[in-house]
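Residue-level structure breakdown
Each chain is listed here by its residues.
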Amino acid sequence: MKKIKLVLTIGLLALITSCSKSKDEVVAPTRPPVVIPPDPVKTADVYVAGWKYNSQLAPVAAFWKNGVQTELTDGTTNLARANSIYVSSTDDVYVAGEDGMKSVLWKNGIAKVLWGGSSVANSVFVSGSDVYVAGAIDRKAAIWKNGVVVKLADGPYFSVAYSVFVSGTDVYAAGYSYPDGHRTVATLWKNGVATSLTDGSKYAVAKAVFVSGNDVYVLSNENINPDVSQLPGYLTFGSSPAIKSVVKIWKNGVTENLTDGTKQAIGNSLFVNGIDTYVSGYENDNTTCTAILWINKIVVNAGSGLYQKTGIINANSVFVHKDDLYVVVNEGLTSKTWKNMFNVKEINKEDGGATALSVFVK
């Protein structure tokens, strides 16, 4: 028993001594943990190309990045517009368009004349280090690759390429040809070889081409009345009725109608994202004009008004970026950019007006 008491006494003394020492020790202050802020989330940059009127009401080709304007021409010609915009993987901004009768490609605002005579540059696409432009020279469909032109059609009749898309080594262009000088035929060119999408019984044009995986999509417009000798979308005013037309999508050569032919219906732009297909354009019944977005054939209204008062209200271009949907819409001389069907930006509303023709998001 005495031994147990002795052990307890020694243990108690050791504990007291230990506690007394700990009171005398200096304890280093605890530092808060270092918090590394996350990298800022990069917001998408929205590029819109088109044209505006300057203070002298002269047309000026321009593009807007997140609403900030860059003028591409000086307003000294009576025709100037930026028809298409594409931003490369190196963030170079390419714009295809017109200045007077010349077709022009702008890179980061610096102009290069593609053809000095009667010509038009309608579409631009960048694949790696190669830059492709689709349009026409002397009313003959053509493609430029890095400034070198290749004519897609020849002969005495008109043809135009409205759209270009590159997939791997294949170069696609969509437009129209005029094989017999009687009616236009919606046409797809692959590596310079033409395929007729319509039979020439009615005026028709192919407005856009898009390649997704192994699938080739083409957007086209075709008049309903075979006796009409105007391209689809021809505008009439006064008591003349709107020329009725139908919007079609071709997938690997198989056609599907998006509209029923009871109105003037025009598709301008095509984008494919996975299994979803987006087409922007308008419908006009000579009373009401409505900017339309067709999503997998489902109609979405992007703005409407009285045709005789405001003219064409048109969804000119559509683009999908990381599941966000962008559409540029023109209402008279006011241009709007929609994101997920909400109006987020108006351009040049305070000046003489503007027209937005193309949108690209990066």
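Residues numbered from 1 in each chain as written. Predicted model: local features only at pLDDT ≥ 70, side-chain atom pairs only at ≥ 80, totals over all residues. Heavy atoms only, no water.

**A look at the overall build of the protein**
- Helix and strand counts for the protein come out as two helices and 28 strands.
- Per-residue burial over the protein gives 50% buried out of 362 residues.
- Within the protein, contacts between residues at least 6 apart in sequence are counted, and of these 38% link residues at least 24 apart.
- Element-wise, carbon and sulfur atoms account for 56% of the exposed surface of the protein, whose accessible area totals about 18,400 Å². (Helix = DSSP H or I, 4+ residues; strand = E, 2+ residues; numbered from the N terminus. Buried < 20%, exposed > 50% of the residue type's maximum accessible area, 1.4 Å probe, protein only. Contact = heavy atoms within 4.5 Å. Areas by Shrake-Rupley, 256 points an atom, 1.4 Å probe, with all protein chains shown as cover.)

**Here we look at the sheet that holds strand β11 (residues 148-151)**
- An order of β8-β9-β10-β11 is seen for the four strands of this open sheet, with the pairing classed as antiparallel. Across the chains shown, the open sheet's two edge strands, defined by having one partner strand only, are β8 (119-127) and β11. The mean angle between the axes of side-by-side strands here comes to 25°, regardless of whether they run parallel or antiparallel.
- Strand direction decides the pairing type here: strand β9 (residues 130-137) and strand β10 (residues 140-145), joined by six bridges, are antiparallel. By the bridge assignment for β10, Ile137 is matched with Lys140. (Pairing = 2+ DSSP bridges. Axes fitted to C-alpha atoms, helices over the stretch in contact; angles between N-to-C directions.)

**As for the pairing of strand β24 (residues 313-321)**
- Judged by how many residues are buried, β24 sits mostly within the fold: nine of nine residues are covered.
- Relative to strand β25 (residues 324-331), β24 runs antiparallel, the two being bridged by eight bridges. Residue pairing across strands places Ile313 opposite Glu331, the latter belonging to β25.

**A few points about the side chain of Glu222**
- Within the fold, Glu222 resides in strand β17 (residues 215-223).
- Overall, Glu222 belongs to the buried group, its relative accessible area being 7%.
- Only 2.6 Å separates the side chain of Glu222 from the side chain of Lys248, close enough to count as a polar contact.
- Ignoring anything within four residues of it in the chain, the contact list for Glu222 reads Thr198, Lys202, Tyr203, Ala204, Pro232, Ser245, Val246 and Lys248. (Polar contact = N/O pair within 3.5 Å; in protein donor to acceptor, adjacent residues only side chain to side chain.)

**Focus on the sheet that holds strand β1 (residues 46-53)**
- With respect to topology, four strands assemble into an open sheet ordered β3-β2-β1-β28, the strand pairing being antiparallel. Edge positions in the sheet fall to β3 (68-71) and β28 (354-361), since each has one partner strand and no second. Averaged over all pairs of adjacent strands, the angle between their axes in this sheet comes to 25°, without regard to strand direction.
- Relative to strand β2 (residues 59-65), β1 is paired through seven bridges, and the arrangement is antiparallel. Within β2, the position partnered with Tyr53 by the bridge is Pro59.

**Topic: the pattern of salt bridges**
- Scanning the model with the defined rule gives nine salt bridges in all.
- Among the ionic pairs, Arg81 bridges to Glu98, the shortest N-O distance being 2.6 Å. Taken together, the residues span a long stretch of sequence, with Arg81 in strand β4 (residues 80-87) and Glu98 in strand β5 (residues 93-99) at a distance of 17 residues.
- A single salt-bridge network, built from bridges that share partners, covers Glu331, Lys336 and Glu346. (Salt bridge = Lys/Arg side-chain N within 4 Å of Asp/Glu carboxyl O.)

**Remarks on the side chain of Thr184**
- Among the structural elements, Thr184 can be located in the loop between β13 (170-177) and β14 (185-190).
- The class for Thr184 is buried, based on a relative accessible area of 2%.
- Side-chain polar atoms of Thr184 contact the backbone oxygen of Ala204, separated by 2.9 Å.
- What Thr184 contacts, discounting residues up to four positions off in sequence, is Tyr176, Ser177, Tyr178, Thr198, Lys202, Tyr203, Ala204, Val205 and Leu231.

**Things to note about the packing of aromatic side chains**
- With the rule as written, the count across this model stands at twelve aromatic pairs.
- Their ring planes at 50° and their centres at 4.7 Å tell us that Tyr86 and Phe360 sit as a pair that is tilted. In this pair, Tyr86 sits in strand β4 while Phe360 sits in strand β28, placing the two residues 274 residues apart along the sequence.
- With a relative accessible area of 9%, Phe360 lands in the buried category.
- On the numbers, 4.8 Å between centres and 50° between planes, the contact of Phe319 with Phe360 is tilted. In this pair, Phe319 is assigned in strand β24 and Phe360 in strand β28, connecting sequence segments 41 residues apart. (Phe/Tyr/Trp six-rings, centres within 6.5 Å; stacked < 30°, edge-to-face > 60°.)

**Digging into the confidence of the model for the protein**
- On average, residues of the protein carry a pLDDT of 88, and 86% of them reach 70 or more.
- Across residues 1-23, where pLDDT falls below 50, the model places zero contacts with residues more than four positions away in sequence or in other chains. (pLDDT = per-residue confidence, 0-100.)

**Let's talk about the nonpolar core**
- Counting residues in hydrophobic clusters, the biggest one holds 95 residues, and the most contacted among them are Val95 and Leu270.
- Here this core gets six residues from one element, more than from any other, and that element is strand β16 (residues 204-212).
- Each residue touching Leu270, except ones within four places of it in the same chain, is listed here: Ala208, Val209, Phe210, Tyr217, Val218, Leu219, Ile249, Thr277, Tyr278, Val279 and Val318.
- Counting five residues, the second largest nonpolar core, distinct from the first, contains Val120, Ala136, Val160 and Val205. (Core = buried A, V, L, I, M, F, W, Y, C linked by side-chain atoms within 4.5 Å.)

**Comments concerning the environment of Gly117**
- Relative to the elements of secondary structure, Gly117 occurs in the loop between β7 (110-115) and β8.
- You can call Gly117 partly exposed: its relative accessible area is 30%.
- Each C-alpha atom of the pair Gly117 and Ser103 lies 8.1 Å from the other, and the pair is 14 residues apart in sequence.

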